Structures are given as C-alpha cells and as structure tokens.
Amino acid sequence: MRTQSVKKLFVPLLILTAAMFAYAPVAIQNAPYESTMGLVQKIFYFHVPSWFVMFSAAGVCGIGGAVYLFTGRKEADRFALAAAELAVVFGLMGLITGPLWGRKAWGVWWQWDARLTSALVMWLVFVAYLLLRKYGGVGSEKLSAVLALFGMANVPFVYLSVNLWRTVHPKTSVVMTLQPDMGRPFLLCSLAFMALFVLVLAARVRLENMRAKVDELYLSLED
Amino acid sequence: MRKGIRFAVLLACLGILAVTALAQQPPQPPEGFVPAASVQGQEKLPAAPLVITAYSVVWLLVFGYLWSIWRRIARAERDLSEVSRRLAGAQRR
C-alpha cells in the first residue's frame, strides 16, 4: 500500500523537479547582481540549497540510526544508509562550490574558520559512516548508527557557527533578509533541491530494499 | 685648508650614501582608498569561470550519482531475478 503511494507520487514529483531545474538557470540569470561580489554571488543559488539537502540527509540518517538503535528495525537502518550517501554527495557539492565562491569573494580558497572547518568535519563524519558500512563487517550497523547520531548532532552547530563565532562566511540572516528579486530564485532552487533529495532518497532506499531481498533469498536458498 | 677639503669629501660621501639609500626605497603606496580603475589588470580575478565551474560540478555530481544509482538498481534487479530463478529450481527438485 505504502509502496504503491510512493510509486504514484514519484513520477509527478520527478516531472515537477525537472521543470524546476529547467527553469532555475533562467531565474538565476534574471536575479540581480549583488552589489559587492557581483557575478560570483550567483553560486549562492546552488551552494546554499546543496547544504540544505546535506543537513536534511544528516537529519534523516541520524533519525534512522536512532530508530535502528532503539527498535532494531532494519528499514530504519536502510533509510540511514541511503541518507548518509546523499549527505556525502550533496556535502561535496557544497564543499566544492563554496571555495569557488570564496576565491573571488575572500581572495582565498579556504579558511580554517568555525563554519568551514565544522562543515568539513560533519562531511567527514558521513564519509566515515559509509566507510564503516562498507568495510566494518558484521555488526558495523550499530556502530555506524551511533556515528549517524553524532553527525546529526553536528547540524545545528554547523548552521549556527557563523552567528556564534567570527568567521569570513556570511551569517544565516542573509537568507531571511534576501530582496524579493533574489529571494524568488533562491526559493525555487531550494524547493528543486529538496524535491531532488526526496526522489533520490526514495530511489536509494529502493536499492537497499532490493539488496536486502536478494540477501534474504540467498539465505533461504542455502537453507 | 686641508681640514676644509676633508669636510667637503665627507659631505660628498654622505650625500652619495643618502641618494643611494633614497633610490633603493620602494615607491610608497598612496594613502587612502584607491579607485578600482587604477588597479592593475592582473589583480582582478574573473568571476565567470568560477561560476561556470561551480554549476558544472553540481550537474556532474547530480548526473553521476543518478547514473550510479540506476546502474546499481539494474544490477540488484538482475541478482534478484537470478536468485528467484535458482530458488524456484531448488523448490521444484
């Protein structure tokens, strides 16, 4: 029943996401230049949404890990694994686009300040999660679930780091104070990225379910 | 007279030293703000390649990741049909 409803929603959401991504370049191009940074500030429209997805994936991974730890439900563990992979991919996007923006805006590719360092550490936690799942052997699920919780706990710390410490990175308030001409394309890109996140997570969870089914069938074949 | 010549030579040496020292000083930058038009061209970093690279990286990662999921799902489907076929064969026996 749940699988059927997911299948029904998948195609309309896929079409909507494709439409949003198709229109995104037009919206970004029509957005005005920022007064001090100029053209390079347009990286913002994909950079920040990629971090939104990374934070969401970290949250799903952490919650999945917690549910697996406390209830032992395998589905939750599969969700956590799928979300961890998304956290790494979208975090990598943010970690690459950020320095490209920073090179022009700050004059350097990287600064070891609170925001950039904590974001890198959080990304490395999810890389460690995936490595642990791949090479950790039997029982690594529980240890990686704890790691997922630790990764999720990093999210508010990374998000608020720009407000708590002095960093070169813009504060969180820039998003809330965006002018409508900049706010609309930003909202479009954020929605497109979040829709992409839902779609890719659904596909990735399906893959994990299929793998679990294959393992189950092999075990029954051996019996 | 000789004392005067010595003094003149000393003054000349000091003068030469002073001129040499001044000639070796780097040009002092002007004080205050400098208009952007007077900044040398090589100091300016073009933004367009950075923006193009950033968006290209995002699209490459998205399509690369989608392709990898599609490939893994196709492999899992093959494995699933293979194990189902073997299981059906084992049950017939």
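Residues numbered from 1 in each chain as written. Chains lettered and ligands numbered in written order. Predicted model: local features only at pLDDT ≥ 70, side-chain atom pairs only at ≥ 80, totals over all residues.

Visitor: How do you make sense of the overall build of chain A when you look at a structure like this?
Guide: Scanning chain A from N- to C-terminus turns up 7 helices and 0 strands. Secondary structure elements in chain A, listed N-terminal to C-terminal, are α-α-α-α-α-α-α. In terms of principal-axis extent, the alpha carbons of chain A reach across some 70 × 40 × 25 Å. Looking at the 223 residues of chain A, the share that counts as buried comes to 38%. When contacts within chain A are restricted to residue pairs at least 6 apart in sequence, long-range pairs at least 24 apart make up 77% of them. (Helix = DSSP H or I, 4+ residues; strand = E, 2+ residues; numbered from the N terminus. Buried ≥ 20, exposed ≤ 12 C-beta atoms within 10 Å, placed from the backbone. Contact = placed C-beta atoms within 7 Å.)

Visitor: Can you help me understand the overall build of chain B in this one?
Guide: Helices and strands together make up the secondary structure of chain B, namely 2 helices and 0 strands. Counting over 93 residues, chain B shows a buried share of 5%.

Visitor: Could you clarify how one ought to interpret the confidence of the model for chain B in this entry?
Guide: Do not read the predicted coordinates in detail wherever pLDDT is low. Summary statistics for chain B give a mean pLDDT of 80 and a share of 70% for residues scoring 70 or more. Note on the complex model: pTM 0.83, ipTM 0.91. (pLDDT = per-residue confidence, 0-100.)

Visitor: How should helix α4 (residues 114-135) of chain A be read in this particular structure?
Guide: Residues separated by three or four positions in an α-helix point in the same direction, a consequence of the helix having 3.6 residues per turn. All names here are of chain A. An ideal rise of 1.5 Å per residue puts 32 Å on 22 residues; α4 measures up with 31 Å between its terminal C-alpha atoms. When we look at burial in α4, the residues that qualify are Arg-115, Leu-116, Ser-118, Ala-119, Met-122, Trp-123, Val-125, Phe-126 and Tyr-129. Considering only its buried residues, α4 is in contact with α2 (44-71), α3 (74-105) and α5 (140-164). Positive backbone phi, approximately 75°, marks Gly-137, located one or two places after α4. (Expected span 1.5 Å × (residues − 1).)

Visitor: What should I look at first to understand the nonpolar core in this one?
Guide: Across soluble globular proteins, nonpolar side chains show a tendency to be buried alongside one another. Membership of the largest hydrophobic core comes to 59 residues, with the highest contact counts inside it found for Ala-57 and Ala-87 of chain A. Elements that contribute at least two residues to this core include exactly α1 (2-30), α2, α3, α4, α5 and α7 (180-222) of chain A together with α2 (48-92) of chain B. In terms of residue count, α3 of chain A provides more of this core than any other element does, 16 residues in total. When near neighbours in sequence (up to four residues on either side) are disregarded, Ala-57 of chain A contacts Ala-83, Leu-86, Ala-87, Phe-90 and Phe-197 of chain A. (Core = buried A, V, L, I, M, F, W, Y, C linked by C-beta atoms within 7 Å.)

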